[in-house]
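Breakdown of the fold
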Amino acid sequence: MPTPLNSQPQETWRLALKFISQCPVCNAKYEESQAQLSGKKDHANLVHIACVKCGSYFVAMVMEVGSGISSVGTVTDLNSDDIKRIMDLPEVTLDEVLDAHEFIKNGDIDKFIN
Ligand SMILES: [Zn+2]
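Nothing here was measured: the structure is a model prediction, and the numbers come from that model.

Things to note about the sheet that holds strand β3 (residues 57–65)
Pairing is antiparallel across the open sheet formed by four strands, whose spatial order is β1-β2-β3-β4. Each edge of the sheet is formed by a strand with only one pairing partner; in this case those strands are β1 (35–41) and β4 (68–76). On average, each strand axis in the sheet is inclined to that of its neighbour by 20°, with strand direction left out of account. Judged from the seven bridges that link them, strand β2 (residues 44–50) and β3 form a sheet pairing that is antiparallel. The residue bridging alanine 50 from the neighbouring strand is tyrosine 57, located in β3. Packed onto the sheet, helix α2 (residues 80–87) meets β1, β2 and β3 and runs at close to 10° relative to β1.

So this is what it looks like as structure tokens:
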């Protein structure tokens, strides 16, 4: 039986671990101690999980939606330090996206990277 979020003293993102319970690479059960909150904004939580068996990483966005939670995630090669470093970088601007598009379209991606 589902429990309303507002009656739980536990952090919302930890509730999502009940659904993100096993590694998609090796199927080992995740240890809750291997999950950590990498970022939080409003009702969105970025959670990073390391598999103790195969060493792969999984990152999930856990969102509070009404009285429930929703999550989406993927396997990644970013460790928790990489995630924190990226979170501190400035946002990509629209001009940067358009510049990248032009470089790719013109076959000049090397100029964009360098
Ligand atoms: Zn694994």
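What to know about the environment of asparagine 27
Note on placement: asparagine 27 falls in the loop between α1 (12–16) and β1. Here the alpha-carbon distance between asparagine 27 and cysteine 51, two residues 24 residues apart in the chain, equals 9.5 Å.

A look at unusual backbone geometry
Although it is not a glycine, asparagine 27 adopts a positive phi angle of roughly 70°. Accessibility expressed as a C-beta count within 10 Å gives 10 for asparagine 27, which makes it exposed. The phi angle at aspartate 42 is positive, at roughly 50°, despite the residue not being glycine. Locating aspartate 42 in the fold gives a position in the loop between β1 and β2.

Points about the nonpolar core
Soluble globular proteins tend to bury their nonpolar side chains together. Core analysis: the largest hydrophobic core is formed by eleven residues, namely Trp13, Ala16, Cys23, Ala35, Val47, Ile49, Cys51, Tyr57, Phe58, Ala60 and Val62. In terms of residue count, β3 provides more of this core than any other element does, four residues in total.

Observations concerning the pairing of β3
Regular strands place side chains that alternate from one sheet face to the opposite one. With antiparallel pairing between neighbouring strands as the criterion, β2 and β3 make up a hairpin whose turn holds six residues, including glycine 55 at a positive phi of roughly 80°. Connecting the antiparallel pair β3 and β4 is a turn made up of two residues, with glycine 66 showing a positive phi of about 60°.

Concerning the pairing of β2
Where β1 meets β2, six bridges bridge the pair, whose relative direction is antiparallel. Residue pairing in the sheet places lysine 41 in a bridge with alanine 44 of β2. As consecutive antiparallel partners, β1 and β2 are separated by two residues, and within that stretch aspartate 42 has a phi angle of approximately 50°, a positive value.

What counts as what
Residues numbered from 1 in each chain as written. Predicted model: local features only at pLDDT ≥ 70, side-chain atom pairs only at ≥ 80, totals over all residues. Pairing = 2+ DSSP bridges. Helix = DSSP H or I, 4+ residues; strand = E, 2+ residues; numbered from the N terminus. Axes fitted to C-alpha atoms, helices over the stretch in contact; angles between N-to-C directions. Contact = placed C-beta atoms within 7 Å. Buried ≥ 20, exposed ≤ 12 C-beta atoms within 10 Å, placed from the backbone. Core = buried A, V, L, I, M, F, W, Y, C linked by C-beta atoms within 7 Å.

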